[in-house]
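Listed below are the residues making up each chain.
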Amino acid sequence: MSNVFPKWSNTLPLKLIVFLLILAAAVVSGVTYYATPKYTRVGYEPSQPVPYDHSFHVGELGLDCRYCHSKVEESGHANIPAASTCMSCHSMIKTDSDLLEPVRASYASGEPIQWVRVHETPDYVYFDHSVHVNRGISCVECHGRVDEMEVVRHDQPLSMGWCLDCHRHPEEALRPLDQITNLDWVHPGGEKGQIKDGLKFVEEWNINPPQSCSGCHR
Amino acid sequence: MRYVYLIFIVGVIGALAILGPRGAKSTRPPLEVFPDMDRMPRYDPQAESAFFSDGRTDRLPVEGAVARGTFYENEYLATGKNGEYFGKGFPIDVSNEAMARGEERYNIYCAVCHGAAGDGDSMTKKYGMLTVANLIDQRLVDYSDGQLYDVVKNGKGLMLGYADRLSVEDRWNVVLYVRALQRAANGSVDDLAPAIREELGL
């Protein structure tokens, strides 16, 4: 018998298997880390035609979200304001600012400003703002600290598992209805107080978020 | 085999460097990993349309059209006017609920400019909005209720109207709350109920 195979080839199958296992582990962890909305969506902040700054208008001036997103309590869609909403102030403030030129043009012509959309669930998902906002869920749970953002950023993954996490445990998020648009509100009693009051709200308001498929895919 | 591992490690480091951590800020639109039926050819509110010449899915109502639920038989309720003249009195039920609703709406839509107390001392004044009316001024106390309603609805001078954001009832609720602010600012000790006066030692 001649040596057709050199000696090192004895351990080759083992080495190959070990390498393939490591490769598979790397691929699997890469996919679980990257191919989810936590990576693909969170952090998306498109640049807008007008550098409108939430942290100044909300955080500094103290505007309420509903001043602009005025239909969020009544309809499923939270409206982006028309130029006339901005002109309530900007017909008197910074009237010669170049940054506001698109707003003035839109107000004069009626052509909308082309804001770039940040949050967008797939079309087979039914989402409604008014049910959440009128039942004690604050904007901050789903949009993060918009009042501290200079440019609106996608803060939460908005994936199905994320929706369901809250639908299974709404008591962790429910708050008094007059604090919905107050984004820095936290329960004064800390986490324990939040759960205690949350359970009370679930009981009193008869909160029952859908967990069956037809609730969100209708 | 060592080279294979070396290439592998370089590959992993390269991928990590390009892809970055979760939540990193980016202006690139999110990648849709399986875009099965994510975007259907349907019209969403405030979205873009390839069909209509102005490029929007939202259509303006035909001129003269009245949306359901926005027609009011009672002219005074809808306009604040009886015929030619501004009217007096509240065409809505004056109740604690109306007052609370008025307070909430006032704080959302009016307080930024007119101030939480109605005295015109507000954030926007600090940034150069100098002509904001002082709501508790005698001039506005003398306004009739219908006239105040008309200002909320249609605006006056440099102020734009709030008809698009306040419903007919809410406009009256806000007027009611403004009346309360005026009473509070221009009141005297005699306006207090005797029990409260005693409690305050007046």
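Residues numbered from 1 in each chain as written. Chains lettered and ligands numbered in written order. Predicted model: local features only at pLDDT ≥ 70, side-chain atom pairs only at ≥ 80, totals over all residues. Heavy atoms only, no water.

## Remarks on the overall build of chain B
Inference 1: If you tally the helices and strands in chain B, you get eight helices and four strands.
Inference 2: A globule of 202 residues ought to have a C-alpha radius of gyration of about 17 Å, yet chain B, at 28 Å, is considerably larger.
Inference 3: Overall, the C-alpha framework of chain B stretches about 95 × 55 × 35 Å when taken along its three principal axes.
Inference 4: Looking at chain B alone, contacts between residues at least 24 apart form 47% of all its contacts between residues at least 6 apart.
Inference 5: For chain B, the exposed area adds up to about 13,500 Å²; of that, 58% sits on carbon and sulfur atoms.
Inference 6: Distance from the positive charge centre (23 side chains) to the negative charge centre (28 side chains) of chain B: 8 Å. (Helix = DSSP H or I, 4+ residues; strand = E, 2+ residues; numbered from the N terminus. Rg over C-alpha atoms; globule rule 2.2 N^0.38 Å. Contact = heavy atoms within 4.5 Å. Areas by Shrake-Rupley, 256 points an atom, 1.4 Å probe, with all protein chains shown as cover. Lys, Arg positive; Asp, Glu negative; His and termini not counted. Charge placed at Lys NZ, Arg CZ, Asp CG, Glu CD.)

## Details of the interface of chain A and chain B
Inference 1: Across the boundary between the two partners, chain A contributes 54 residues, which contact 46 residues of chain B.
Inference 2: The largest per-residue losses of area from chain A upon contact with chain B belong to Y67, M92 and D123 of chain A, which jointly make up 15% of the total buried on that side.
Inference 3: Linking chain A with chain B are four salt bridges, by the criterion used here.
Inference 4: The salt bridge involving E73 of chain A is made with R105 of chain B; its shortest N-O contact spans 3.1 Å.
Inference 5: Viewed at the interface, chain B and chain A are joined by 21 residue pairs in polar contact (both at pLDDT 80 or more).
Inference 6: Secondary-structure elements contributing two or more residues to the side of chain A that touches chain B are α1 (12–34), α2 (37–40), α3 (54–60), α4 (65–68) and α5 (83–90) of chain A.
Inference 7: When residues in the side of chain A that touches chain B are grouped by element, the largest group, nine residues, is from α1 of chain A.
Inference 8: Considered class by class, the residues forming the side of chain A that touches chain B number 26 nonpolar, 15 polar and 13 charged. (Buried area = accessible area lost by both parts, 1.4 Å probe. Salt bridge = Lys/Arg side-chain N within 4 Å of Asp/Glu carboxyl O. Polar contact = N/O pair within 3.5 Å; in protein donor to acceptor, adjacent residues only side chain to side chain. Nonpolar A, V, L, I, M, F, W, Y, C, P; charged D, E, K, R; others polar.)

## Some remarks on the packing of aromatic side chains
Inference 1: According to the stated counting rule, one finds 15 aromatic pairs over all chains in the structure shown.
Inference 2: Pairing F19 of chain A with F8 of chain B gives two aromatic rings, centres 5.7 Å apart and planes at 80 degrees, and the pair type is edge-to-face. Of this pair, F19 of chain A sits in helix α1 while F8 of chain B sits in helix α1 (residues 2–19), on two different chains. This pair shows no difference in class: F19 of chain A is buried, exactly as F8 of chain B is.
Inference 3: Between Y149 of chain B and W172 of chain B, the aromatic rings sit 4.4 Å apart at their centres with planes inclined by 20 degrees, giving stacked as the arrangement. Of the two residues, Y149 of chain B is situated in helix α6 (residues 145–154) and W172 of chain B in helix α7 (residues 168–186); the sequence distance between them amounts to 23 residues.
Inference 4: According to the relative accessible area criterion, W172 of chain B is buried, its value standing at 0%.
Inference 5: Against the face of Y126 of chain A rests R218 of chain A, its NZ or CZ located 4.0 Å from the ring centre.
Inference 6: When the ring centre of Y33 of chain A is taken as reference, the NZ or CZ atom of R22 of chain B above it lies at 4.6 Å. (Phe/Tyr/Trp six-rings, centres within 6.5 Å; stacked < 30°, edge-to-face > 60°. Buried < 20%, exposed > 50% of the residue type's maximum accessible area, 1.4 Å probe, protein only. Lys NZ or Arg CZ within 6 Å of the ring centre and 35° of its normal.)

## Points about a nonpolar patch on the surface
Inference 1: A surface patch of nonpolar side chains, about 440 Å² in accessible area, is lined by W8, L12 and L16 of chain A together with M1 and V4 of chain B.
Inference 2: Mapped onto the secondary structure, M1 of chain B falls in the segment before α1. (Patch = residues over 30% accessible without salt bridge, like charges linked within 9 Å, V, L, I, M, F, W, Y side chains within 5 Å.)

## Points about the pattern of salt bridges
Inference 1: This structure, assessed with the given rule, holds 20 salt bridges over all chains.
Inference 2: R145 of chain A is the partner of D147 of chain A in a salt bridge, and the nearest nitrogen-oxygen pair spans 3.0 Å.
Inference 3: For D147 of chain A, a relative accessible area of 12% corresponds to the buried category.
Inference 4: Among the ionic pairs, D44 of chain B bridges to R42 of chain B, the shortest N-O distance being 2.9 Å.
Inference 5: According to the relative accessible area criterion, D44 of chain B is buried, its value standing at 16%.

## Observations regarding unusual backbone geometry
Inference 1: With a phi angle near 60 degrees, N206 of chain A is a residue other than glycine that sits in the positive phi range.
Inference 2: By the secondary structure assignment, N206 of chain A is in the loop between α10 (190–205) and α11 (213–216).
Inference 3: In this structure N206 of chain A comes out as exposed when scored by relative accessible area, which is 61%.
Inference 4: Unusually for a residue other than glycine, Q46 of chain B sits at a positive phi of about 55 degrees.

## Re the side chain of E171 of chain A
Residues and elements named next belong to chain A.
Inference 1: Within the element layout of this structure, E171 appears in the loop between α9 (160–168) and α10.
Inference 2: Of the side chains bearing the opposite charge, R168 lies closest to the buried E171, which forms no salt bridge; the N-O distance is 11 Å.
Inference 3: Apart from the residues within four sequence positions on either side, E171 is in contact with Q194, I195, G198, L199 and V202.

## Some words on the nonpolar core
Inference 1: One finds Y67 of chain A together with Y106, Y109, L166, W172, V174 and V178 of chain B to be the most contacted residues of the largest nonpolar core, which totals 28 residues.
Inference 2: The biggest single contributor to this core is α7 of chain B, with seven residues.
Inference 3: Apart from the residues lying within four places of it in its own chain, the contact partners of W172 of chain B are Y76, L77, G80, G89, F90, P91, I92, D145, G146 and Y149 of chain B. (Core = buried A, V, L, I, M, F, W, Y, C linked by side-chain atoms within 4.5 Å.)

## Here we look at the packing of α1 of chain A against α1 of chain B
Inference 1: Taken N-terminus to C-terminus, the directions of α1 of chain A and α1 of chain B make an angle of 5 degrees; their axes are 12 Å apart at the nearest point. Comparing their axes, α1 of chain B and α1 of chain A come out roughly parallel. Here V18, F19, I22, L23, A26 and Y34 of chain A of α1 of chain A lie close against α1 of chain B, whose contacting residues are V4, Y5, F8, L16 and L19 of chain B. (Axes fitted to C-alpha atoms, helices over the stretch in contact; angles between N-to-C directions. Parallel < 35°, antiparallel > 145°, perpendicular 65-115°, else oblique.)

## Considering the confidence of the model for chain A
Detailed reading of the predicted coordinates is not advisable wherever pLDDT falls low.
Inference 1: Scored by pLDDT, chain A has a mean of 92; 99% of the residues are at 70 or more.
Inference 2: Element-level pLDDT for chain A is lowest in α2 of chain A, with a mean of 88, against a maximum mean of 95 in α9 of chain A. (pLDDT = per-residue confidence, 0-100.)

## So, α10 of chain A
All names here are of chain A.
Inference 1: Given a rise of 1.5 Å per residue, 16 residues ought to cover 22 Å, and the 22 Å separating the end C-alpha atoms of α10 matches this to within 8%.
Inference 2: Among the residues of α10, G193, Q194, G198 and F201 are the ones counted as buried. In a view along the axis of α10, the buried residues occupy a sector of 130 degrees, so they form one face of it. Opposite the buried face of α10, by more than 90 degrees, sit the exposed residues K192, K196 and E203.
Inference 3: Backbone geometry just after α10 places N206 at a positive phi near 60 degrees. (Expected span 1.5 Å × (residues − 1). Arc of directions from axis to C-beta.)

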